[in-house]
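So you can see what is in the structure, the chains are spelled out below.
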Amino acid sequence: MSGTSLESLQKKIGFYGNSPEVEDLMHTITMVAPTDLSVLIIGESGTGKELVATAIHNLSKRKDKPLITVNCGAIPEGILESELFGHEKGSFTGAIGQKKGYFEVADKGTIFLDEIGEMALNTQVKLLRVLETAEFMRVGGTTTHKVDVRVVAATNKDLEKAVETGEFRRDLYFRLKAITVRIPPLRKRKQDIPILVKKFSHDYALKNDIDFKGFAPEAIDLMMEYNWPGNVRELRNFVETAIILNKGEIIRPEYIRNTLNIHREESISENLPVPLNKTPDQAERELIYRTLISLKLDMGEIKRSLSALLENNIAFQKRQYGEVYTSPEGQSPEKEVQPMTLSDMERKLIKETLQRFGGSRRKTARALQISERTLYRKINEYGL
Ligand SMILES: Nc1ncnc2c1ncn2[C@@H]1O[C@H](COP(=O)(O)OP(=O)(O)OP(=O)(O)O)[C@@H](O)[C@H]1O
Ligand SMILES: [Mg+2]
């Protein structure tokens, strides 16, 4: 794709970046969008799945018809089916009148099934039926209805694994995955960072009428060293906060270093000069204290998680190497000790963060840099 056509496509789609990965993505989107094929979009949280789904709709002949987004992870299991397919009067308690489902509302348009990996197996059967026959039945209904709806689905889950564990139907997976659009995480395409920063900062400054002086080149370099676990959404939030906090000034590498905790040693030696009027011992202690404070509260959480992990894994190794393990509480030594897994850690972190913010999901999601929906899903998943 030539430079200019990529640029004009980016404007049209709103999906920015100049890495080969993004170029490929643009290419796939333009090929697939005008067809009626169902598309499966796979990517971590914050990579732009919704943006791509919208682009597919807007570049299709359905663009003047509805695009209906359904978050399968946020709607409780029983309700999702009647939301999608509608219901007849009296089909269940509370079904006072007949109601149209999203498939009917989206007729001639597109339905975007977000977080499809969360869809219950029963509902998956019905979805597969619509995909194969273009027909559906309302909940409690006896007649079938025809629809003309294009399905775009998205997930941040490993659907193949979900098929293995029986949580996702194989037939539906094969049907959906025929056209798959994978959005790589931002850390795998850091080349896109400068363009994204430019786009987000200009948009934000313009919209909010902020005097924005730009980022120093070294500041951008530093941003490319960071891994952006929350992907483009995290980058966008970061840029917007940086603009607010640095009004009228060029954003310097020190700001980036301190807020993203990059090159910590270097920034500490710059920011915390050794006090001259102290003995070397005192000076050292003071330096350590100040360093600890500057590492932010979050470190406490990381430390606690790490020590729990360490304790657990030491116990596991002791067992592996034949040493008798007795827990301090005198629990049965026969109890199998397993190393803590990543999901154990995640569960623990979410639980503790929720506690720290008095159960506020909004604050917890923000602190963990995940969407509220993702948090909601994880709370369900871990039974918190
Ligand atoms: N390549 C990009 N160019 C411009 N903006 C982007 C790009 N990728 C993502 N964004 C922006 O990042 C934010 C997150 O994107 P989006 O909501 O589409 O992600 P998602 O993959 O659906 O996330 P989640 O799984 O958490 O729902 C949005 O504000 C979106 O506009
Ligand atoms: Mg999304």
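Note that the structure is predicted; figures quoted are calculated from it, not measured. (Residues numbered from 1 in each chain as written. Chains lettered and ligands numbered in written order. Predicted model: local features only at pLDDT ≥ 70, side-chain atom pairs only at ≥ 80, totals over all residues.)

1. Here we look at the overall build of the protein chain
Working step 1: Check the secondary structure of the protein chain and you find 18 helices and seven strands.
Working step 2: Taken over 384 residues, the protein chain has a buried fraction of 25%.
Working step 3: Excluding contacts between residues fewer than 6 apart, the proportion of contacts in the protein chain whose partners are at least 24 apart in sequence is 71%. (Helix = DSSP H or I, 4+ residues; strand = E, 2+ residues; numbered from the N terminus. Buried ≥ 20, exposed ≤ 12 C-beta atoms within 10 Å, placed from the backbone. Contact = placed C-beta atoms within 7 Å.)

2. Remarks on the pairing of strand S3 (residues 110-114)
Working step 1: Across the five residues that make up S3, a large majority, five, are buried.
Working step 2: Pairing of strand S2 (residues 67-71) with S3 involves five bridges; the strand directions are parallel. For Thr69, the partnering residue across the bridge sits in S3 and is Phe112.
Working step 3: Strand direction decides the pairing type here: S3 and strand S6 (residues 150-155), joined by four bridges, are parallel. Bridging across to S6, Ile111 finds its partner in Val151. (Pairing = 2+ DSSP bridges.)

3. So, the nonpolar core
Working step 1: Grouped together as the largest cluster of nonpolar side chains are 40 residues, with contacts concentrated most on Ile41, Val52, Ile111, Leu113, Val152 and Ala153.
Working step 2: The set of elements that each furnish at least two residues to this core consists of helix H2 (20-32), strand S1 (39-42), helix H3 (49-58), S2, helix H4 (77-85), S3, S6 and helix H8 (170-177). (Core = buried A, V, L, I, M, F, W, Y, C linked by C-beta atoms within 7 Å.)

4. Let's talk about the site of ligand 1
Working step 1: Lining the immediate surroundings of ligand 1 are 19 residues, of which Ser45, Gly48, Lys49, Glu50 and Val232 lie closest.
Working step 2: Sorting the residues of the shell around ligand 1 by element identifies H3 and helix H11 (231-245) as the ones contributing at least two each.
Working step 3: In terms of residue class, the shell around ligand 1 is built from five nonpolar, ten polar and four charged.
Working step 4: Looking at which domains feed residues into the shell around ligand 1, each of domain 1 (3-184) and domain 2 (187-294) gives three or more. (Near = placed C-beta within 6 Å. Nonpolar A, V, L, I, M, F, W, Y, C, P; charged D, E, K, R; others polar. Domains from an automatic or database assignment.)

5. Brief notes about the packing of helix H9 (residues 193-208) against H11
Working step 1: Running from amino to carboxyl end, H9 crosses H11 at an angle of 50°, the nearest separation of the two axes being 9 Å. Taken together, the axis directions place H9 and H11 in an arrangement best described as oblique. For the pair H9 and H11, the sense of crossing is right-handed. Two secondary-structure elements touch here, H9 through Ile193, Leu196, Val197, Phe200, Ser201, Tyr204 and Ala205 and H11 through Val232, Leu235, Arg236, Val239, Glu240 and Ile243. (Axes fitted to C-alpha atoms, helices over the stretch in contact; angles between N-to-C directions. Parallel < 35°, antiparallel > 145°, perpendicular 65-115°, else oblique. Left-handed = near helix turned anticlockwise from the far one by under 90°.)

6. Re the pairing of S6
Working step 1: With six of its six residues buried, S6 lies for the most part within the structure.
Working step 2: Residues Arg150, Val152 and Ala154 point to one face of S6 and Val151, Ala153 and Thr155 to the other, with burial holding for every one of them.

7. Remarks on the packing of helix H17 (residues 361-368) against helix H18 (residues 372-381)
Working step 1: One can describe the packing of H17 onto H18 by two numbers: an axis separation of 9 Å at closest approach and a directional angle of 105°. Taken together, the axes of H17 and H18 are roughly perpendicular relative to one another. Contact residues: Arg361, Arg362, Thr364 and Ala365 in H17; Glu372, Leu375 and Tyr376 in H18.
Working step 2: Its residues assigned to classes, the contact of H17 with H18 comprises three nonpolar, one polar and three charged.

8. Some thoughts on the sheet that holds S6
Working step 1: Pairing in this open sheet of five strands is parallel, and the strands run S2-S3-S6-S1-S7 from one edge to the other. Lying at the two open borders of the sheet, with one neighbouring strand each, are S2 and strand S7 (180-182). Between one strand axis and the next, the sheet turns through 20° on average, direction left out of account.

9. Here we look at the confidence of the model for the protein chain
Working step 1: When pLDDT is averaged along the protein chain, the result is 84; 79% of the residues meet or exceed 70.
Working step 2: Taken together, the stretch residues 264-275 has pLDDT below 50 and engages in twelve contacts with residues farther than four places along the chain or on a different chain.
Working step 3: Every residue in residues 323-335 scores below 50 in pLDDT, and together they form eight contacts with partners more than four places removed in sequence or on other chains. (pLDDT = per-residue confidence, 0-100.)

10. Here we look at unusual backbone geometry
Working step 1: Even without glycine at this site, Lys108 takes up a positive phi of about 75°.
Working step 2: Residue position: Lys108 is located in the loop between helix H5 (102-105) and S3.
Working step 3: With a phi close to 55°, Asn231 is a non-glycine residue in the positive phi region.
Working step 4: Within the element layout of this structure, Asn231 appears in helix H11.
Working step 5: Residue class for Asn231 comes out buried when judged on the 22 C-beta atoms lying within 10 Å of it.

11. Brief notes about the environment of Lys348
Working step 1: Mapped onto the secondary structure, Lys348 falls in helix H16 (residues 342-356).
Working step 2: Taking the number of C-beta atoms within 10 Å as the measure of exposure, Lys348 has 17 and is therefore partly exposed.
Working step 3: Along the sequence, Lys348 and Tyr382 sit 34 residues apart, while their C-alpha atoms lie 9.5 Å from each other.

12. Examining the environment of Tyr382
Working step 1: Along the chain, Tyr382 turns up in the segment after H18.
Working step 2: Along the primary structure Tyr382 and Asp344 are separated by 38 residues, whereas in three dimensions their C-alpha atoms are 9.1 Å apart.
Working step 3: Among all residues touching Tyr382, those that are not within four sequence positions of it are Arg347 and Ile350.

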